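Inside the fold
Spelled out from the first residue to the last, the chains are:
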Amino acid sequence: MKCEDLLAFLNEYVDGTVDPAICAEFEKHMAGCNPCQVVVDNIRKTITLYKQGEPYELPIPFRNRLHAALRDRWKACHTPDRKPGGG
């Protein structure tokens, strides 16, 4: 199995709905592929946080950068004198 193959079945794998034979191939691939391990672990953690339904406080520097980027994007798309994409 290649990384691309893993990504194609990623949702089903994380949901536990993938065919057991494919699941075995996933486990074999991930045993030797750290990037795929990280992707699957991050998705599982994200799902767990979502299911808990508790708010997650973003670190302030990240939150400030995110808000600035969203404001800039909104202005670029909604300012009458400007066209989307900054043109």
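In this text, all values refer to a predicted model and were calculated from it rather than measured experimentally.

If you tally the helices and strands in the protein, you get five helices and zero strands. Starting at the N terminus and ending at the C terminus, the protein contains elements arranged as α-α-α-α-α. Expected size for 87 residues packed as a compact globule is a radius of gyration near 12 Å; at 19 Å, the protein overshoots this value by more than 25%. Its C-alpha atoms give the protein principal-axis dimensions of about 55 × 35 × 20 Å. For the protein, buried positions account for 14% of its 87 residues.

This part takes up the packing of aromatic side chains. Summed over the entire model, instances satisfying the criterion amount to one aromatic pair. The interplanar angle of 20° and the centroid separation of 4.3 Å between the aromatic rings of Tyr13 and Phe26 together place this pair among those described as stacked. In this pair, Tyr13 sits in helix H2 (residues 10-15) while Phe26 sits in helix H3 (residues 20-31), placing the two residues 13 residues apart along the sequence.

What follows covers the pattern of salt bridges. In total, this model carries one salt bridge according to the counting rule given. As a salt-bridge pair, Arg63 and Glu57 come within 3.1 Å of each other at their nearest N and O atoms. Glu57 gets classed as exposed once you look at its relative accessible area, which sits at 60%.

A cluster of nonpolar side chains, contributed by Phe62, Leu66 and Leu70, occupies part of the molecular surface with about 260 Å² of accessible area. Mapped onto the elements of the fold, Leu66 is located in helix H5 (residues 60-78).

Another point: helix H4 (residues 34-52). Between the first and last C-alpha of H4 there are 27 Å, a value that for 19 residues agrees with the 27 Å anticipated at 1.5 Å per step. Positioned one or two residues after H4, Gly53 has a phi angle of 70°, which is positive.

The rules behind each value
- Residues numbered from 1 in each chain as written.
- Predicted model: local features only at pLDDT ≥ 70, side-chain atom pairs only at ≥ 80, totals over all residues.
- Heavy atoms only, no water.
- Helix = DSSP H or I, 4+ residues; strand = E, 2+ residues; numbered from the N terminus.
- Rg over C-alpha atoms; globule rule 2.2 N^0.38 Å.
- Buried < 20%, exposed > 50% of the residue type's maximum accessible area, 1.4 Å probe, protein only.
- Phe/Tyr/Trp six-rings, centres within 6.5 Å; stacked < 30°, edge-to-face > 60°.
- Salt bridge = Lys/Arg side-chain N within 4 Å of Asp/Glu carboxyl O.
- Patch = residues over 30% accessible without salt bridge, like charges linked within 9 Å, V, L, I, M, F, W, Y side chains within 5 Å.
- Areas by Shrake-Rupley, 256 points an atom, 1.4 Å probe, with all protein chains shown as cover.
- Expected span 1.5 Å × (residues − 1).

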